[in-house]
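Examining the three-dimensional arrangement
As a plain string of letters, each chain reads:
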Amino acid sequence: MSTGEIGTLLSSRERLDRFIEQAAVMRRAEAEMLLQLAELDKEGAPVEFGYCGSAATLAQDVLRISRAEARRMAERARVLFGALGISGEPLSPDLPNTAEAYSRGEVGVEHVDRIRQFAAELPDEVLIGDAWPIAENALAEIAGEVGPRGLVRPIRELRARLDPDGQEPSDRDPVRPDREIWLRQYANQWEIHGRLDYETGLKLRSVLDALGKPRSSEANGGTPDTRTPAERHADALTDVIQLAANPENLPESGGEPFTIMVTMSEQALRDGIGTATTMDGSTIPATQLRRIACDAGIIPTVLGSDGEVLDMGCRDRTASPKLRRRLIARDKGCAHPDCDKPPALTQAHHIQHHTNGGLTVEDNMVLLCAHHHRMIHHTEWQVRITNGRAEFTPPEYRQKRPIPVG
């Protein structure tokens, strides 16, 4: 039987398992390649073969890669597997635990680079102290459980402990921009266009680029990010809008969340299937409405089978400003272990949905960014509150044990 014939016989679960295993195989191969580069450097091969003692130059030539990538490879090899000092003495690696996790296929090059960059920013006295091996081991263990962005919060906390002085922040005086924006609705979508001054456009582009980076496969539920740049920027703009729509950022609304009035059938409300109609005539799928209802003031008018009004709802299902502050103090941003989004870019999610009897209380709510909010609603990810902390359980195919957060 040919490889193609075998491939057609695989179930989706078997194909997913093979996909995950192949990723681990590639990571182990990458780690082995860096180990070989480190050993070549220690043995003096860059001098022996005429590359002026530069492991990066050797790698650039023999692998036919760019100078930038060759330099990154040489630096990874050094921090993961050690090198020789100027006088020929062996230098211990800065990231031995990360190297072991990489060699087992548990972490990827993005994890390595985030930890490597963190180590490069620390003072030398920190790296040779007693605390660094413990911190690096903790980061290597966390990296085996989360995507690269999941390292941002632990790194931030470790930096505060290891290097409390840090770098002094720099402030810029804002310039009042001239701008025009037009927003028009077509059917169930909106069209936005306008113009910005040069400085504001640069700022917006910077924000969209920062928030619209491609997601790693780990952070995207195990699948590659196939969004186009325009789609990623649109998702980033959604985050910006979410930031502005949070109650604490809208003092003129009296601390209340934005409100959407909808009409829906009793069946759609009970089963979560079907659509609801907004006051402007647009339709919203019931599944989408359940997600929006976590963080917006949804006031439903429930109709019976003959169109009679059965109930006019209220908005006690959304988190009050006081409750949201408590959630921020507990979750410190998106609570998902693969995320580092700050509190301002999060939504308050009901673990047991309001329509299923879930209460709007701290033990039934968790802060999630828009991406992970959708993931919790539409994938097999589960979340619960255990001993005052959010605890996430990934789909069975992704992880074998719950991931505690905090």
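Right above here is the structure, for reference.
Let me sum up the structure you'll find in this document. (Residues numbered from 1 in each chain as written. Predicted model: local features only at pLDDT ≥ 70, side-chain atom pairs only at ≥ 80, totals over all residues. Heavy atoms only, no water.)

For the rest of this paragraph, the subject is the pairing of strand β11 (residues 365-369). For β11, the buried fraction is high: 5 of the 5 residues fall into the buried class. Of the two faces of β11, both are covered, the one formed by Met-365, Leu-367 and Cys-369 as well as the one formed by Val-366 and Leu-368. (Buried < 20%, exposed > 50% of the residue type's maximum accessible area, 1.4 Å probe, protein only. Helix = DSSP H or I, 4+ residues; strand = E, 2+ residues; numbered from the N terminus.)

So, about a nonpolar patch on the surface. Together, Ile-181, Leu-183, Trp-190, Ile-192, Leu-196, Leu-204, Leu-237 and Ile-241 make up an exposed nonpolar region whose accessible area comes to about 760 Å². For the nonpolar patch, the secondary structure elements donating two or more residues are β3 (179-186), β4 (189-196) and α12 (229-245). Tallying contributions element by element places β4 first for the nonpolar patch, with 3 residues. Its location among the elements puts Leu-237 in helix α12. (Patch = residues over 30% accessible without salt bridge, like charges linked within 9 Å, V, L, I, M, F, W, Y side chains within 5 Å. Areas by Shrake-Rupley, 256 points an atom, 1.4 Å probe, with all protein chains shown as cover. Salt bridge = Lys/Arg side-chain N within 4 Å of Asp/Glu carboxyl O.)

Further remarks concern the packing of aromatic side chains. For the structure shown, the criterion picks out 2 aromatic pairs. Geometrically, the ring pair formed by Phe-118 and Trp-132 is tilted, given 5.9 Å between the ring centres and 55 degrees between the ring planes. Placement of the pair is Phe-118 in helix α7 (residues 109-121) and Trp-132 in helix α9 (residues 131-143), with a sequence separation of 14 residues. Relative accessible area serves as the criterion here: at 3%, Trp-132 is assigned to the buried category. Ring plane angle 70 degrees and centroid distance 6.5 Å describe the contact between Trp-381 and Phe-392, whose orientation is recorded as edge-to-face. Here Trp-381, found in the loop between α16 (370-378) and β12 (382-386), pairs with Phe-392, found in strand β13 (residues 389-393); they are 11 residues apart in sequence, far enough to count as distant. The exposure class of Trp-381 is buried, given its relative accessible area of 3%. (Phe/Tyr/Trp six-rings, centres within 6.5 Å; stacked < 30°, edge-to-face > 60°.)

Turning our eyes to something else, we now look at helix α4 (residues 55-63). Taken together, the buried positions of α4 are occupied by Ala-55, Ala-56, Leu-58 and Ala-59. Along the long axis of α4, the arc covered by the buried residues comes to 160 degrees, so they all point the same way. For α4, the elements touching its buried residues are α2 (12-42), α3 (45-48) and α5 (67-81). With its phi angle positive at about 55 degrees, Arg-64 sits one or two positions after the end of α4. (Arc of directions from axis to C-beta. Contact = heavy atoms within 4.5 Å.)

Applying the stated criterion to the full structure yields 19 salt bridges. Across the pair Glu-69 and Arg-76 runs a salt bridge whose closest N-O atoms are separated by 3.3 Å. Across the pair Arg-195 and Glu-180 runs a salt bridge, and its minimum N-O distance is 2.3 Å. One end of the pair, Arg-195, is in strand β4; the other, Glu-180, is in strand β3, and 15 residues separate them in sequence. Residue class for Arg-195 comes out exposed when judged on its relative accessible area of 52%. The class of Glu-180 is partly exposed, set by a relative accessible area of 33%.

The next thing to look at is the nonpolar core. Membership of the largest hydrophobic core comes to 36 residues, with the highest contact counts inside it found for Leu-80, Phe-118, Trp-132 and Leu-162. Contributing elements (two or more residues each) for this core: α2, α4, α5, α6 (96-103), α7, α9 and α10 (152-162). For this core, the element with the highest residue contribution is α5, accounting for 7 residues. With residues up to four places along the chain from it excluded, the contact list for Phe-118 reads Trp-132, Leu-139, Ile-155, Leu-158, Arg-159 and Leu-162. With 13 residues, the next largest nonpolar core counts Ala-335, Ile-385, Ala-390 and Phe-392 among its residues. (Core = buried A, V, L, I, M, F, W, Y, C linked by side-chain atoms within 4.5 Å.)

This next bit is on the environment of Phe-81. Take Phe-81: it is sitting in helix α5. Expressed as a C-alpha distance, the spacing of Phe-81 and Ala-31, which sit 50 residues apart in the sequence, is 9.6 Å. Once residues within four sequence positions are removed from consideration, Phe-81 is found in contact with Ala-31, Leu-34, Leu-35, Ala-38, Lys-42, Pro-93, Ala-99 and Ser-103.

With that settled, consider the side chain of Asp-163. Mapped onto the secondary structure, Asp-163 falls in the loop between α10 and β3. Within the buried set, Asp-163 has no salt-bridge partner at all; the shortest N-O distance to an opposite charge, 5.6 Å, is to Arg-159. (Lys, Arg positive; Asp, Glu negative; His and termini not counted.)

We now examine the packing of α4 against α5. Direction vectors running N to C along α4 and α5 enclose 125 degrees, while the axes themselves pass 8 Å from each other. Taken together, the axes of α4 and α5 lie oblique to each other. In terms of crossing hand, the pair formed by α4 and α5 is right-handed. Residue-level inspection shows Ala-55, Ala-56, Ala-59, Gln-60 and Leu-63 of α4 in contact with α5, the latter providing Arg-67, Ala-70, Arg-71, Met-73 and Ala-74. Tallied by class, residues from the contact of α4 with α5 come to 7 nonpolar, 1 polar and 2 charged. (Axes fitted to C-alpha atoms, helices over the stretch in contact; angles between N-to-C directions. Parallel < 35°, antiparallel > 145°, perpendicular 65-115°, else oblique. Left-handed = near helix turned anticlockwise from the far one by under 90°. Nonpolar A, V, L, I, M, F, W, Y, C, P; charged D, E, K, R; others polar.)

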